[in-house]
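One-letter residues, chain by chain:
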Amino acid sequence: MTVLLAIVVPCYNEQEVLGETNRRLLAVLDSLIAKNLVTAESRIYYVDDGSRDGTWPLIESLAAADLRSRGIKLSRNRGHQAALLAGLLSVEGDAVVSIDADLQDDVTVIESMVREFMAGAEVVYGVRGSRRSDTVFKRNTAMIYYALMKAMGVDLVPNHADFRLLGRRAVEALREYDEVNLFLRGVVPLIGYRTATVTYDRAERMAGISKYPLRKMITFAAEGVTSFSIVPLRLITYLGLLVSAFSFAMIVFILYGAIVLKAVIPGWASSVVPIYFLGGIQLLSIGILGEYVAKIYLETKRRPRFNIEKTL
Ligand code: UDP
Ligand code: MG
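Overview of the structure. (Residues numbered from 1 in each chain as written. Chains lettered and ligands numbered in written order. Predicted model: local features only at pLDDT ≥ 70, side-chain atom pairs only at ≥ 80, totals over all residues. Heavy atoms only, no water.)

What follows is about helix α7 (residues 184-191). Within α7, 6 of the 8 residues are buried, which leaves the element mostly enclosed by the surrounding structure. Of all the positions in α7, only Leu184, Arg185, Gly186, Val187, Val188 and Ile191 are classed as buried. Packing partners of the buried residues in α7 comprise α3 (80-90), β5 (123-128), β6 (160-167), α6 (168-175) and α8 (214-228). Positive phi appears at Gly192, one or two residues downstream of α7, with a value of about 90 degrees. (Buried < 20%, exposed > 50% of the residue type's maximum accessible area, 1.4 Å probe, protein only. Helix = DSSP H or I, 4+ residues; strand = E, 2+ residues; numbered from the N terminus. Contact = heavy atoms within 4.5 Å.)

In structure tokens:
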């Protein structure tokens with residue numbers, strides 16, 4: 001059995017690195033074809049996520065130079081997840097590997113992924129063996145995030161980004177999850193089927209700058225929580241119960257002081273502090289509720305998740 005393989009690469013302003021990426025991915029395809037693992041019809045699909053630099057013209061020239069390099073152009077920038085999804089849902093193939101354009105993920109483990117797929121795995125996760133190439137800040141925030149998600153009942157594969165292989169069945173299953181704000185790392189484990197993991201060391205970005213500044217990272221993390229967990233909403237309820245119980249105890253204490261002990265409490269602090277405290281809790285709770293309402297609002301619109309302008 002040989003596999004018709006598709007490699008999906010989301011690209012946003014990646015003109016500095018894409019030439020090298022293409023060279024390396026073609027080399028991977030060559031070796032896989034030589035080993036009779038994948039068919040000669042296997043393709044690499046570059047999904048241009050509305051880049052503002054020369055990424056698309058570059059993809060056009062790569063496509064002109066080699067039949068195996070193809071392009072998909074989104075009508076505008078929709079973000080990494082949308083670009084990935086656009087690629088996954090529009091390409092042909094028995095198996096689809098998704099990989100970032102910046103060569104941080106080790107392209108040579110694609111072979112192990114294909115082998116796992118041939119051995120029966122429907123989903124193969126690329127997992128980073130070490131996070132040495134990351135900043136201390138990113139490493140620690142990532143660790144806290146995984147712990148937090150786990151506590152809230154979201155099943156994520158630690159140290160796995162969006163470098164993975166999906167078999168045709170998994171892709172078709174993914175198609176059924178038609179939420180607008182799709183958090184692939186959370187959805188893929190929900191699909192089920194047999195899974196496998198391959199480990200690799202993540203390198204530094206080859207060229208260009210990260211398209212995930214801190215602001216986007218935080219949004220992405222929050223997106224992951226509110227898309228998959230109702231625990232924050234439940235926490236509001238618990239907090240409300242706790243504060244109510246505390247207030248009730250306070251009332252009993254104050255009445256006891258006033259009626260039995262006849263000691264009138266000067267009481268400035270005890271009335272002002274709860275005002276701030278309760279005000280803070282209420283604002284926080286309303287904020288969390290708002291996050292979910294916003295999510296419902298966005299989902300009910302049923303807007304398309306991406307629009308493809310042209311394909312090569
Ligand atoms: N990307 C994208 N659309 C965006 C932002 C990023 O398609 O709006 C792509 C980008 O070209 C890269 C991948 O998503 O292939 C991951 O981005 P990046 O390497 O900048 O993120 P980091 O590795 O720094 O988290
Ligand atoms: Mg990167």
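Moving on, we come to the side chain of Lys295. Inspection of the secondary structure puts Lys295 in helix α10 (residues 268-300). Excluding residues within four positions of it along the chain, Lys295 makes contact with Asn181, Glu223, Thr226 and Ser227.

Glancing now at the pattern of salt bridges. As enumerated under the stated definition, the model contains 13 salt bridges in all. Its salt-bridge partner being Arg24, residue Glu20 comes within 2.9 Å of it at the nearest N-O pair. Within this pair, Glu20 and its partner Arg24 are both found in helix α1 (residues 18-34), separated by 4 residues, close to a single helical turn. The shortest N-O distance in the salt bridge between Arg168 and Glu172 comes to 2.7 Å. Of the two residues, Arg168 and Glu172 both sit in helix α6, 4 residues apart, roughly one turn of that helix. The class of Arg168 is partly exposed, set by a relative accessible area of 26%. (Salt bridge = Lys/Arg side-chain N within 4 Å of Asp/Glu carboxyl O.)

Our focus in this paragraph is a nonpolar patch on the surface. Taken together, the side chains of Ile251, Leu255, Tyr256, Ile259, Val260 and Leu261 present a nonpolar region at the surface, about 610 Å² in accessible area. Mapping Leu261 onto the fold places it in the loop between α9 (231-260) and α10. (Patch = residues over 30% accessible without salt bridge, like charges linked within 9 Å, V, L, I, M, F, W, Y side chains within 5 Å. Areas by Shrake-Rupley, 256 points an atom, 1.4 Å probe, with all protein chains shown as cover.)

Okay, the site of ligand 1 next. By nearness alone, 19 residues border ligand 1, and Glu14, Asp49, Asp102, Ser210 and Lys211 come closest of all. A distance of 3.2 Å is found between an oxygen atom of ligand 1 and a side-chain nitrogen or oxygen belonging to Asn77. Here ligand 1 has 530 Å² of accessible area as a free molecule, and 94% of this is covered by the chains. Within the residue set of the shell around ligand 1, elements represented by two or more residues are β1 (5-11) and α3. (Near = heavy atom within 4 Å. Polar contact = N/O pair within 3.5 Å; in protein donor to acceptor, adjacent residues only side chain to side chain.)

Most of β5 is tucked away, with 6 of its 6 residues classed as buried. Taking every second residue as pointing to the same face, both faces of β5 are buried, with Val123, Tyr125 and Val127 on one and Val124, Gly126 and Arg128 on the other. In terms of strand pairing, β5 meets β6 through 4 bridges, oriented antiparallel. Residue pairing across strands places Tyr125 opposite Arg164, the latter belonging to β6. For β5 and strand β7 (residues 195-200), the ladder comprises 6 bridges, and the chain directions are parallel. Pairing of Gly126 across the sheet is with Val198, part of β7. (Pairing = 2+ DSSP bridges.)

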